[in-house]
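Residue-level structure breakdown
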Protein chains: 2
Amino acid sequence: MSLIVQKFGGTSVGSIERIRSVAARAIAAQQQGHQVVVTVSAMAGETNRLVALVEGIIERYNKREYDVVVAAGEQVSIGLLAIAIEAMGARARSYLGWQVRFLTDSVYSKARIQEIEGFRIRDDLEKGYIVVIAGFQGVDEKGDITTLGRGGSDTSAVALAAALEADRCDIYTDVDGVYTSDPRIVSSARRLARISYDEMLEMASLGAKVLQTRSVELAKKYKVPLRVLSSLEEGEGTLLTEEDELMEKVVVSAITHNRDEAKITILGVPDRPGVAATIFSALADATINVDMIIQNISESGETDVTFTVPRGDYQHALEVLAIPVKQIGAKEVVGNRTIAKVSAVGVGMRSHTGVAQRMFNALAADGINIQMISTSEIKISVILDEKYMELAVRTLHDAFELDKDAGDRVIAK
Amino acid sequence: MSLIVQKFGGTSVGSIERIRSVAARAIAAQQQGHQVVVTVSAMAGETNRLVALVEGIIERYNKREYDVVVAAGEQVSIGLLAIAIEAMGARARSYLGWQVRFLTDSVYSKARIQEIEGFRIRDDLEKGYIVVIAGFQGVDEKGDITTLGRGGSDTSAVALAAALEADRCDIYTDVDGVYTSDPRIVSSARRLARISYDEMLEMASLGAKVLQTRSVELAKKYKVPLRVLSSLEEGEGTLLTEEDELMEKVVVSAITHNRDEAKITILGVPDRPGVAATIFSALADATINVDMIIQNISESGETDVTFTVPRGDYQHALEVLAIPVKQIGAKEVVGNRTIAKVSAVGVGMRSHTGVAQRMFNALAADGINIQMISTSEIKISVILDEKYMELAVRTLHDAFELDKDAGDRVIAK
């Protein structure tokens, strides 16, 4: 008998009617012969309501107590779902994070799961119960309630699937899978039937917001087959899995974009050891994440350093840099908020050459100037003027023939 | 250093503003040198909202899961209160029922507390924390969440005070104490500075709705000094305590009333053993509580049996009685829904005679007919026509001089 973990987000349990349809899906899976564990988020809007209550008291709140308040949202939805399942004639039992012991560290409001005790769940599954688990929350060694950060229910579901050695983890969401590109930009974008964990990780960190990154990392680590599918319509969704030969034949799987970045250049930086450390330590101390960094080789004893930061941190970064820039004796700081990042992702890049060339040629043919380039084993990212972003995404989607079935692509052969 | 348990109901934590004023009260008590534990209910309206969600799914719900849903209300209020206390500069930690282990039986939705583990609370108090505890909830031996029934937060507070051997338990509510009679009926009613547990128990079961009966029973059992006072205005409230000599000098402490009763008389009941058992077993099987029972001595071999039931169960009781009345061969069943019960309560009755006489004379002087009489060691109750209820309460309040200070009463000397 196979074991399936299903996860439903806040929209999917946002009303009594929707909770009933989640119950129906869980019961259907059980009737198909599976053991079923369901993880749910708080009802849509509930977490926001609770956060607003907390922030109504004080802006810089005690995080231990914040976790106590917001964890209550999932407590309501698991109880209601269990009641709905029982009302429809099946048997159900709900559990909170501390009851089936999602043991986490003590970093309140963004805790990490360390261990899950599965025995109580397994017992109930053996007895024929559908087990309903609160996502997003755990308990630390002291017995304090912790939460996993926004989107944490995805991570709960995957961690649970790993702990129970589930045959599959199905993440129900409001999109019907992972696409070759954003369908709102590229009308010919196609749903991917399968994608590797590594590709999904690159896509998640590049701005595709389907799954919490941590949940994909966990799925990769424990080899959990992870399916993303729609809770609103029928369909196969997209299966995240380990890469195989078929995937490696596909050079580029998807084109992603992200306009949440800004570029900063420090001009006339003296070329001596410790200079980069001074600059980036200052940003790290201010908890500003730096993404791409470029430094040109210098002949004159001076160089320019360019890097990108989240757009919301742009102004803060400029303020933070004032002192170190003076210290190191650099000339000037300039920046640009109207940039975007466009990336090609695919595990096939590992064994194929000419991907960068094809990408740069396609952009050049459309007159799009590339401001920065960064690469990993399975992705190439370029920074360009924000106004060209949609055009670049469409151009690259065409250039790598992503509108075609993988087998029909010239480049993949 | 003394230890105080404070309890605040839903109205007292019904908004951020009110939560702030509860926080201020707790901090003030700590600054006066006390160790402070605060027990709170869910924010006003929240429990009703959660119950409505459950009942929106199905009327006869799974009670284990019902408890999971409704216990979430207190989780929100303890976190918010702890945040408010910290925001005002003191230190606070909140705990749910399972965390400081309010161990209960497994009777979901009306569980009884069996034991409380106090060590975590004591540790925090020693360290200078104000400890905030969720009322209304506990955990059973299996680790399932349980709730104590409506009004259960009073019981949580008293049980906690008993377990921690607190010096006092202060129940903050929307009235400023226990009165000699309902001030809406008797304008000269006085707040009682002190009252014995036994008197309060009689008063609670006679219709005074200040405290959950179970909480007074616990306070009596563990000798917890219990104070009822207003969360809206300053005042000393009423202290519930063991009876002492001073109390015993007061013959009557309070006059209570209850219009939630109806009277049923079975006429022409054959006077033979087992007849009463047949009648009252039928009512017990239908979970109808019978209050007063009167049966006259019979000379003729026939008797009349009269008793009272809650007014809401009157029709049901008549239906339930149809068969047993036939079985025993009684003549007829008659009833009356427009009755009321008025009672005089006082521990001094134990050692004073003439109380009943004074009571009956006072009522007779105003032409009020007594339909039934029932007595205990510390109370005398009469059933009368509902329309005389207010008059009877005022007459008795005067007759026992409850508008006067206890020392000035003629009858008390």
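About the cut-offs
Residues numbered from 1 in each chain as written. Chains lettered and ligands numbered in written order. Predicted model: local features only at pLDDT ≥ 70, side-chain atom pairs only at ≥ 80, totals over all residues. Helix = DSSP H or I, 4+ residues; strand = E, 2+ residues; numbered from the N terminus. Rg over C-alpha atoms; globule rule 2.2 N^0.38 Å. Buried ≥ 20, exposed ≤ 12 C-beta atoms within 10 Å, placed from the backbone. Contact = placed C-beta atoms within 7 Å. Core = buried A, V, L, I, M, F, W, Y, C linked by C-beta atoms within 7 Å. Domains from an automatic or database assignment. Axes fitted to C-alpha atoms, helices over the stretch in contact; angles between N-to-C directions. Left-handed = near helix turned anticlockwise from the far one by under 90°. Nonpolar A, V, L, I, M, F, W, Y, C, P; charged D, E, K, R; others polar. Pairing = 2+ DSSP bridges. Least-squares fit on C-alpha atoms with pLDDT ≥ 70 in both. Parallel < 35°, antiparallel > 145°, perpendicular 65-115°, else oblique.

1. Considerations on the overall build of chain A
A count of helical and extended segments in chain A gives 13 helices and 20 strands. The C-alpha radius of gyration of chain A comes to 24 Å, within 12% of the 22 Å expected for a compact globule of 413 residues. Across its three principal directions, the C-alpha atoms of chain A cover 75 × 55 × 30 Å. Going through the 413 residues of chain A one by one, you find that 48% of them count as buried. Put simply, of all contacts in chain A between residues at least 6 apart along the chain, 74% involve residues at least 24 apart.

2. Looking at the nonpolar core
One finds L81(A) and L81(B) to be the most contacted residues of the largest nonpolar core, which totals 255 residues. Each of domain 1 (3-173) and domain 2 (246-413) of chain A accounts for three or more of the residues forming this core. When neighbours within four sequence positions are excluded, L81(A) is seen to be in contact with V13(A), I19(A), V22(A), A23(A), V38(A), V40(A) and V132(A).

3. Re the packing of helix α2 (residues 46-57) of chain A against helix α3 (residues 63-70) of chain A
Residue and element names in this part refer to chain A. Relative to each other, α2 and α3 sit at 145°, their axes nearing to 9 Å. Of the two possible hands of crossing, α2 and α3 adopt the one that is right-handed. Facing T47, L50, V51, L53 and V54 of α2, the residues of α3 in contact are Y66, V69 and V70. When grouped by side-chain class, the residues that make up the contact of α2 with α3 number seven nonpolar, one polar and no charged.

4. Some words on the domain arrangement of chain A
By the assigned domains, chain A splits into domain 1 (3-173) and domain 2 (246-413). Each of domain 1 of chain A and domain 2 of chain A has a C-alpha centre, and these two points are 37 Å apart.

5. Observations concerning the sheet that holds strand β13 (residues 254-258) of chain B
Residue and element names in this part refer to chain B. Spatially, the four strands line up as an open sheet ordered β13-β18-β20-β19, and their pairing is antiparallel. The open sheet has two free edges, formed respectively by β13 and β19 (372-376), since each of these has just one partner strand. If you compare each strand with its neighbour and ignore which way they point, the axes differ by 20° on average. Across seven bridges, strand β18 (residues 339-345) lies against strand β20 (residues 379-385) in antiparallel orientation. Within β20, the position partnered with V345 by the bridge is K379. Lying on the sheet, helix α13 (residues 389-399) is in contact with β13, β18 and β20; it crosses β18 at an angle near 15°.

6. Observations regarding the interface of chain A and chain B
Contact with chain A, which involves 27 residues of that partner, is made by 27 residues of chain B. Mapped onto the side of chain A that touches chain B, the elements with two or more residues apiece are α2, α3 and α4 (72-87) of chain A. Top element by residues in the side of chain A that touches chain B is α4(A). It accounts for eleven residues. Residues of the side of chain A that touches chain B, tallied by class, amount to 18 nonpolar, seven polar and two charged.

7. What to know about unusual backbone geometry
A positive phi angle, close to 80°, is found at F136(A), a residue other than glycine. Among the secondary structure elements, F136(A) is positioned in the loop between β6 (130-134) and β7 (137-139). By the C-beta count within 10 Å, which is 28 here, F136(A) ends up buried. In this model, T287(B) sits at a positive phi of 50°, which is unusual for a non-glycine residue. Within the secondary structure layout, T287(B) lies in the loop between α10 (275-285) and β15 (293-295). Judged by C-beta crowding, with 8 C-beta atoms within 10 Å, T287(B) ranks as exposed.

8. Remarks on helix α13 (residues 389-399) of chain A
Residue and element names in this part refer to chain A. When we look at burial in α13, the residues that qualify are M389, A392, V393, T395, L396 and H397. Against β13 (254-258), β18 (339-345), α12 (355-365) and β20 (379-385) lie the buried residues of α13. One or two steps after α13, the chain reaches E401, where phi turns positive at roughly 55°.

9. Some words on the sheet that holds strand β11 (residues 226-230) of chain B
One key point about sheets: their strands pair by backbone hydrogen bonds, in either a parallel or an antiparallel sense. All names here are of chain B. Taken together, eight strands build an open sheet; the order of strands is β3-β6-β2-β1-β9-β11-β12-β10 and the sheet is mixed. Of all the strands in the sheet, just β3 (92-95) and β10 (194-196) have a single pairing partner and so form its edges. Neighbour-to-neighbour, the strand axes of the sheet open up by a mean angle of 20°, direction not taken into account. Two elements, strand β2 (residues 35-40) and strand β6 (residues 130-134), share four bridges in a ladder whose sense is parallel. Bridging across to β6, V37 finds its partner in V131. Its contacts with the sheet place helix α6 (residues 152-163) against β1 (3-8), β2, β6, β9 (168-173) and β11, and it is angled at close to 175° to β1.

10. Comments concerning the relation of the copies chain A and chain B
The two copies are related by a screw motion: chain A maps onto chain B through a turn of 178° and a shift of 0.1 Å along the axis, at an RMSD of 0.3 Å. In symmetry terms, the pair is related by a two-fold rotation axis. Within chain A, the C-alpha atom positioned nearest to the axis of rotation is that of A72(A), 2.8 Å from it. A shared interface surface links the copies, since 100% of the contact residues of chain A are contact residues in chain B too.

11. A short note on helix α8 (residues 213-221) of chain A
The complete set of buried residues in α8(A) reads R214(A), S215(A), V216(A), L218(A) and A219(A). K223(A) sits one or two positions beyond α8(A) and adopts a positive phi of about 50°.

12. Observations concerning the packing of α10(B) against helix α11 (residues 314-328) of chain B
Residues and elements named next belong to chain B. Between α10 and α11, the shortest axis-to-axis distance is 9 Å and the interhelical angle comes to 155°. Considered as vectors, α10 and α11 are oriented roughly antiparallel to each other. The two elements α10 and α11 meet at a crossing, and its hand is right-handed. Contact residues: V275, T278, I279, A282 and L283 in α10; A317, V320, L321, P324, Q327 and I328 in α11.

13. What about the environment of Y66(B)?
All names here are of chain B. Residue placement: Y66 occurs in helix α3 (residues 63-70). Note on Y66: 21 C-beta atoms within 10 Å, which makes it buried. Along the sequence, Y66 and E55 sit eleven residues apart, while their C-alpha atoms lie 9.5 Å from each other. Discounting chain neighbours no more than four positions away, the residues touching Y66 are V54, Y61, Y108 and S109.

14. Considering the environment of A262(A)
Residues and elements named next belong to chain A. Within the element layout of this structure, A262 appears in strand β14 (residues 261-270). Placed 48 residues apart in sequence, A262 and P310 show a C-alpha to C-alpha distance of 6.1 Å. Residues within four places of A262 in sequence aside, it is in contact with T308, V309, R311, Y314, G335, N336, R337 and I339.

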